[in-house]
Amino acid sequence: MIQLAIILLSILFLSLLIGWSYNSFIHRKNALQYAYSSLETMLQKRHELLPKLAEVVQTSAEFEFRLVQEATSLLKQRTSKELPPAAMVRHENQIAKSITQITSAINRDAALRQGQSFVHLQKSIVEVEAQISASRRAYNAAVMEYNNSIEMFPTAVFASLLKLQRIDPVDLIVLEPEYAVRDK
Amino acid sequence: MYKPKVELLHKVRPKLVELELQRKETLKARRKTEWTALLLVIVGIALIVLLTTYSGEHVVSALLFGSFTCIGIAVYYLRTARLKAKDELQQSIGNVITEAMEGNWSYKADRHLRPGLVKRSGLVAKSRPIYGNNLIKGEHGDTKFSFSNINISSEGKDGRSDLFGGILVAIDFNKELKGKTLVFPDLAQNALGPWLGKKVQSFGWAGLDLVYLEDPIFEKAFAVYGSDQVEARYILTPHMMSNMTRLRERYGDRLSFSFMQGTVFVAIEYERSFESDLKVPILPEGTFYHFYKSIDLVTDVIDHLQLNTRIWSK
């Protein structure tokens, strides 16, 4: 009788452990997907800044328009949503570099730099980049939790059964607000 | 506008000297009244003793009853007058100092932050009555703030125990937020160790999830709970985390923070804003100093958190 009770208790304990491990694993997996979606949404906001930058520079006759064309052509290539994370990071970092080149060129042009539309746009850039930075950190934190669950017992058992692998954190470039203006 | 101590003292000194004279006169008058009352009580007792010798029991009982009633009324009157004088002095000192700050500064000795606002902060228990006083509203640079003493206690079988006692500050915050992020001193990890402490914290706080941040010094000092992992990191940038760590180094484990749409709340436990006392001189290091200390503390918190820096528009 005692032996039966021990067996039943062991089965119950094992079932609870499996259930808890599985739920915990699924929770981390979903958290990771959610964090990645948030990151994509924030990057989309960055893409929306490019047409606005193009509007700012169109009044200048001397501006290097090829910079805007290069950035626009990057956007017209495959969207970040279609790419796997590593390729998405490379693609997004190219866009970030393009935006930096455009804003640096604007900063060299006194008339454009002091224009009200560029001043407003700089605030938007600072805001969007702050949100991208937060999303990147949230995603990387979710990656760390996910990788821990893949490599640590007991969730590692499910990970090996489902043939899941480690995910690398993203190394996205976030534009520093060095050219941002202050209200005062 | 906030002013350094020396500049403020230079500006308010003449008016505070007048109030100091007023305080001394009030104190003198109060002592005179108290001595008179005491003398009357002694004379009354002497009369009762004399009458006890020559009169019947009924007369003595009536006299005793009458005497004790008179003493009760006198004590009540003296106590009320003393508190009124103290409150008036406190309000006068506060008025002088807040007027000297210029701009939209105000002081109400008998008011405190609205209970709705205190509860909204999420830093203190929701279902308890809230008491407080010394409400100060002001501006530091472009940043508006208000703060007051707040006391929250619970009545249990073993009597009354304090849940929170200190200053609660509400400061304008210039980031667009949809959720709530709370930052508490990390008492669990310090008491139970990093692994067990984190496990305990992972159950969350009032429906908010634990947010694990990458700055190890900040993580060791604070526990963060938020309704949105991304928004918590949007607020707690590496720069903000290092600012908050510096504040902790300065003021210890007494600070808690709450960020939500339009406002950042900072709770500073065990810190009382100024309380005047008729027996304590106003100048140089008396009531004025206590008042200034609380304003200086709040503006120091605003400076450390760099809430005056606006590189984005609200």
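Everything quoted here is computed from the prediction, not taken from an experiment. Note on numbering: residues in each chain are counted from 1, in written sequence order. Labels follow written order: the first chain is A, the first ligand is 1, and so on. Only residues with pLDDT of at least 70 are given local features in this predicted model, and only at 80 or more are side-chain atom pairs given and counted; all residues enter the totals for whole chains, interfaces and linings. Based on all heavy atoms of the structure, the side-chain values leave hydrogens and waters out of the count.

**As for the overall build of chain B**
In terms of helices and strands, chain B carries nine helices and nine strands. The quantity called the radius of gyration is restricted to C-alpha atoms. Its globule counterpart is 2.2 Å times the number of residues to the power 0.38. Relative to the 2.2 N^0.38 estimate, which gives 20 Å for 314 residues, the radius of gyration of chain B is 26 Å and therefore markedly larger than a compact globule would have. Taken along the three principal axes of its C-alpha coordinates, chain B extends 90 × 50 × 30 Å. Going through the 314 residues of chain B one by one, you find that 45% of them count as buried. Counting only contacts in chain B whose residues sit at least 6 apart along the sequence, the fraction spanning at least 24 positions is 68%. Each accessible area value is a Shrake-Rupley result obtained with a 1.4 Å probe; residue values ignore everything except the protein chains displayed when judging cover. Of the roughly 17000 Å² that chain B leaves accessible, carbon and sulfur atoms contribute 59%. In this description a helix means any DSSP run of H or I spanning at least four residues, a strand means any run of E spanning at least two, and both kinds are numbered starting from the N terminus. Accessible area is worked out with a 1.4 Å probe on protein chains only. A residue is then buried under 20% of its type maximum, exposed over 50%, and partly exposed in between. Contacts were defined at the residue level, with two residues in contact if any of their heavy atoms lie within 4.5 Å.

**Quick look at a positive patch on the surface**
A surface patch of positive charge is lined by B:K108, B:R111, B:R114, B:R120 and B:K137. Note on placement: B:K137 falls in strand β2 (residues 130–140). Surface patches are defined over residues having more than 30% relative accessible area and no salt bridge, joining like charges when they lie within 9 Å and nonpolar side chains (Val, Leu, Ile, Met, Phe, Trp, Tyr) when within 5 Å. Definition used for salt bridges: Asp or Glu carboxyl oxygen within 4 Å of a side-chain nitrogen of Lys or Arg. We treat Lys and Arg as the positive residues and Asp and Glu as the negative residues; His and chain ends play no part in the count. Every charge is mapped to an atom, namely NZ of Lys, CZ of Arg, CG of Asp or CD of Glu.

**Section: the pattern of salt bridges**
All names here are of chain A. Within this structure, the stated rule accounts for ten salt bridges over all chains. Among the ionic pairs, R28 bridges to E145, the shortest N-O distance being 3.7 Å. With R28 in helix α1 (residues 2–47) and E145 in helix α6 (residues 116–151), this residue pair connects regions lying 117 residues apart in the sequence. A salt bridge links R46 to E129, with the shortest nitrogen-to-oxygen separation between them at 2.9 Å.

**With respect to the pairing of strand β7 (residues 222–226) of chain B**
Every regular strand shows the same layout, with side chains that alternate between the two sheet faces. Residues and elements named next belong to chain B. Counting buried positions along β7 yields five of five residues, so the element is predominantly enclosed. Burial along β7 is two-sided: the residues F222, V224 and G226 and A223 and Y225 are all buried. Alignment of strand β5 (residues 181–185) against β7, held across five bridges, turns out to be antiparallel. Counted as the bridge partner of V183 is V224 from β7. In the sheet, strand β6 (residues 209–211) pairs with β7 via three bridges, with the strands oriented antiparallel. We treat two strands as partners when DSSP finds at least two bridges between them.

**A look at the side chain of A:N147**
Tracing the backbone through its elements, the reader meets A:N147 in helix α6. In this view, A:N147 contacts A:R166 and A:I167; residues no more than four positions away in its chain are not counted.

**Quick look at helix α8 (residues 238–251) of chain B**
Residue and element names in this part refer to chain B. A rise of 1.5 Å per residue sets the reference length of α8, with its 14 residues, at 20 Å; its end C-alpha atoms lie 20 Å apart and thus fit the reference within 8%. Buried within α8 we find M240, M241, N243, M244, T245, L247 and Y251. Within two residues after α8, G252 carries a phi angle of roughly 80°, on the positive side. Here the expected length of a helix is defined as 1.5 Å per residue gap, with one fewer gap than residues.

**A word on the packing of α1(A) against helix α2 (residues 49–57) of chain A**
Residues and elements named next belong to chain A. Each axis is a line fitted through C-alpha atoms, taken for helices only over the stretch in contact, and angles between the N-to-C directions span 0 to 180 degrees. Where α1 meets α2, the axes come as close as 4 Å, and the angle between the chain directions of the two elements is 15°. It follows from the interaxial angle that α1 and α2 lie roughly parallel. Contact residues: α1 offers K45, R46 and H47, while α2 offers L49, L50 and P51. Polar here means any residue outside two lists: the nonpolar Ala, Val, Leu, Ile, Met, Phe, Trp, Tyr, Cys and Pro, and the charged Asp, Glu, Lys and Arg; Gly therefore counts as polar. Here the contact of α1 with α2 is built from residues that sort into three nonpolar, one polar and two charged. The labels follow the angle: roughly parallel below 35 degrees, roughly antiparallel above 145, roughly perpendicular from 65 to 115, and oblique for the rest.

**Regarding empty space enclosed by the protein**
All names here are of chain B. Using protein atoms alone on a 1 Å grid, points that fit a 1.4 Å probe yet trap it form a cavity, whereas open point sets bounded by protein on both sides within 12 Å along at least five of seven lines form a pocket; residues with an atom within 4 Å of a point count as lining. Grid points are joined across faces, edges and corners, and a volume is the space filled by probe spheres set on the points. Counted by the stated rule, this structure contains one cavity of 30 Å³ or more. Roughly 30 Å³ of internal volume is contained in the largest cavity. In terms of lining, the largest cavity is formed by D186, Q189, K198, Q201, L210, V211, Y212, E219, F222, A223 and V224. Broken down by secondary-structure element, the contributors of at least two residues to the lining of the largest cavity are α5 (194–201), β6 and β7. Residue contributions to the lining of the largest cavity peak at three residues, all from β7. Tallied by class, residues from the lining of the largest cavity come to six nonpolar, two polar and three charged.

**Quick word on the nonpolar core**
Among the buried residues, those of types Ala, Val, Leu, Ile, Met, Phe, Trp, Tyr and Cys that are joined through side-chain atoms within 4.5 Å form a nonpolar core. Among the nonpolar cores identified, the biggest contains 62 residues, and B:L236, B:M244, B:F257, B:F259, B:V266 and B:F288 are the most heavily contacted of them. Looking at this core, the element that brings in the most residues is helix α9 (residues 287–304) of chain B, giving eight residues. Among the domains, domain 1 (5–101) and domain 2 (106–309) of chain B are the pair contributing at least three residues each to this core. When near neighbours in sequence (up to four residues on either side) are disregarded, B:F259 contacts B:F173, B:L177, B:G179, B:K180, B:T181, B:V183, B:I235, B:L236, B:M240, B:M244 and B:V264. The next biggest cluster of nonpolar side chains, apart from the first, holds 42 residues, and it includes A:Y36, A:L43, A:V57 and A:M88. Note: domain ranges come from an automatic or database domain assignment.

**Details of the packing of aromatic side chains**
Aromatic pairs are defined between Phe, Tyr and Trp rings, using the six-membered ring for Trp, whenever the two ring centres lie within 6.5 Å; interplanar angles under 30 degrees are classed as stacked, those over 60 as edge-to-face, and all others as tilted. Per the stated rule, a full pass over the model turns up twelve aromatic pairs over all chains. Taking 5.3 Å as the distance between ring centres and 55° as the angle between the ring planes, the aromatic pair formed by A:Y36 and A:Y139 counts as tilted. Taken together, the positions of A:Y36 in helix α1 and A:Y139 in helix α6 put the pair 103 residues apart, joining distant regions of the chain. Like A:Y36, the residue A:Y139 is buried in the burial classification. Chaining the aromatic ring pairs together yields one cluster made of B:W105, B:F145 and B:F147. The criterion for a charge sitting over a ring is simple: Lys NZ or Arg CZ within 6 Å of the ring centre, and within 35 degrees of the ring normal. We note B:K175 situated over the ring of B:Y234; from NZ or CZ to the ring centre the distance is 4.4 Å.

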